[in-house]
Amino acid sequence: MDDVSRALNEDLLKDLECPVCMEYMVPPIWLCTNGHNICSKCRKSVQRCPTCRAEFLETRCVALENIARRLKYPCINRESGCLELFSIEHITKHHAGCVYGKIKCPFYLLNDCSWSGLKNDLKEHAKAAHRDNFFEVATFTSPSLSASVRIASCFGELFTYYKRIWDGRLYCAVQLIGTSSEASKYKCEFTLRAANGIEQISNTFLVQGYSKDFLTNYNSGRYLYIDRGIIKDCVKENKLDLTATLSTV
Ligand SMILES: [Zn+2]
Ligand SMILES: [Zn+2]
Ligand SMILES: [Zn+2]
Ligand SMILES: [Zn+2]
């Protein structure tokens, strides 16, 4: 969105502010007999128009609804730092997974932690509760053959690393604790060395934003996947020589 459309968008959004909850209204938008608007959530909780005390009609404001469908809405967590804009079709899905709202601690992937809270509090939590798996370097290693989660603080951001071996295959991914557009400023190089110490597989991917479900990251294809046969050649004394190194793009 260019600066002009952004300014126009912002201007039009002002007319969409619900007078009760102050959030931006999405269709259906209801009218009072004097033409004031209210969002559908607040319409259920107030008897009369908060602006003029008149009664509400069973009529919707079609013109405003049509404008709303063409606008980009800011995230409900904008005051916590989420600056992205979304169309009506996408905003509900975004709100459900917004990293600036409440997020789960990445250790939920191991069924190891039930903490949830704000992005900015995760670092303190990780330091206190996952000290052995919290690092302040841009490299992850995880030699064990069991699933592992790590958290790293580097480049002024928090990253999480998840590795699992499932049905003999290896999956490994890194996500930024942030949105996908913030994450695309970083890349991660995965290197797996063979047990003979000579051969290695190396793959570089753009880092993904933090998603509630790590599997959405799998769908993106931006993760290291190594098939069974190769894994067999890489295991030495029940360990893997696998590293993931973060850098800026
Ligand atoms: Zn409202
Ligand atoms: Zn009114
Ligand atoms: Zn958001
Ligand atoms: Zn935790």
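Bear in mind the structure is a predicted one, so any value in this text is a computation, not a measurement.

What should I look at first to understand the coordination of the zinc ion (ligand 3) in this one?
Any two of four tetrahedral donors ideally make an angle of 109.5 degrees at the metal, while pairs among six octahedral donors ideally make 90 or 180 degrees. Coordination of the zinc ion (ligand 3) by the protein involves Cys75 (SG), Cys82 (SG), His94 (NE2) and Cys98 (SG), with metal-donor separations of 2.0 to 2.3 Å. Considering all four donor atoms around the zinc ion (ligand 3), the spread of angles at the metal, 105 to 116 degrees, places the coordination shape in the tetrahedral class. Read N to C, the donor residues that coordinate the zinc ion (ligand 3) are spaced as C-x6-C-x11-H-x3-C. Residue Cys82 is located in the loop between β4 (73-74) and β5 (85-86), and its partner His94 is located in helix α4 (residues 88-97); the two are separated by twelve residues in the primary sequence. Assigned by exposure class, Cys82 and His94 land together as buried.

Could you clarify how one ought to interpret the coordination of the zinc ion (ligand 4) in this entry?
Taken together, Cys105 (SG), Cys113 (SG), His125 (NE2) and His130 (NE2) make up the full set of protein donors to the zinc ion (ligand 4), lying 2.0 to 2.2 Å away. Classification of the site at the zinc ion (ligand 4) rests on its four donor atoms, whose angles at the metal span 104 to 117 degrees, yielding the label tetrahedral. Look at where the donors of the zinc ion (ligand 4) fall in the sequence and you get C-x7-C-x11-H-x4-H. Here the residue Cys105 occupies a position in the loop between β6 (102-104) and β7 (116-118), and His125 occupies one in helix α5 (residues 119-129), the gap between them amounting to 20 residues.

What am I meant to see in the sheet that holds strand β13 (residues 186-193) here?
The pairing of strands in a sheet comes from backbone hydrogen bonds and takes either a parallel or an antiparallel form. Spatially, the four strands line up as an open sheet ordered β9-β17-β13-β14, and their pairing is antiparallel. If you trace the sheet from one side to the other, it starts and ends with β9 (139-141) and β14 (200-206), each paired once. The average undirected angle you get between the axes of adjacent strands in this sheet is 15 degrees. Two elements, β13 and strand β17 (residues 241-248), share eight bridges in a ladder whose sense is antiparallel.

When you look at the sheet that holds strand β1 (residues 29-32) in this model, what are you seeing that I'm missing?
Strand order across the open sheet formed by three strands is β2-β1-β3, with antiparallel pairing between neighbours. At either margin of the open sheet sits one strand with a lone partner, and together these are β2 (37-39) and β3 (56-60). Averaged over neighbouring strand pairs, the angle between their axes works out to 40 degrees when direction is ignored. Helix α3 (residues 62-70) contacts β1, β2 and β3 of the sheet and is inclined by roughly 55 degrees relative to β3.

Before we go on, may I ask you to explain the pattern of salt bridges in this structure?
Pairs may arise between side chains of opposite charge once their charged atoms sit close together. With the rule as written, the count across this model stands at ten salt bridges. Glu55 is paired through a salt bridge with Arg48; the nearest N and O atoms lie 3.6 Å apart. Given a relative accessible area of 46%, Glu55 falls into the partly exposed group. One salt bridge in this structure joins Arg169 and Asp167, with 3.1 Å as the shortest N-O distance. Overall, the relative accessible area of 46% leaves Asp167 in the partly exposed class. Three or more residues joined by partner-sharing salt bridges are found here, namely Asp167, Arg169, Asp227 and Arg228.

Parameters at a glance
- Counting restarts for each chain: residues are numbered from 1 in the order of the written sequence.
- For naming, the first written chain is A and the first written ligand is 1, with later ones following in the order written.
- Side-chain atom pairs in this predicted model are given and counted only at pLDDT of 80 or more, local residue features only at pLDDT of at least 70, and totals for whole chains, interfaces and linings cover all residues.
- Calculated side-chain values reflect all of the structure's heavy atoms, with hydrogen atoms and water omitted.
- Sites may look incomplete because water is not among the atoms; the donors themselves are N, O and S atoms within 2.8 Å of the metal, or within 3.2 Å for Na, K and Ca.
- A four-donor site is classed as tetrahedral when every donor-metal-donor angle falls between 85 and 135 degrees; four donors are called square planar, and six octahedral, when trans pairs exceed 155 degrees and all remaining angles lie between 65 and 115, with any other arrangement labelled irregular.
- Secondary structure elements follow DSSP: runs of H or I no shorter than four residues count as helices, runs of E no shorter than two count as strands, and numbering proceeds from the N terminus.
- Only protein chains enter the accessibility calculation, which uses a 1.4 Å probe; a residue is then buried when its area is under 20% of its type maximum, exposed when over 50%, and partly exposed in between.
- Two strands pair under a simple rule: DSSP has to find at least two bridges between them.
- Axis angles are defined between N-to-C directions and span 0 to 180 degrees, where every axis is a line fitted to C-alpha atoms and, for a helix, only to the segment in contact.
- For this analysis, residues touch if any pair of their heavy atoms sits within 4.5 Å.
- The salt bridge criterion pairs a side-chain nitrogen of Lys or Arg with a carboxyl oxygen of Asp or Glu, the two atoms within 4 Å.

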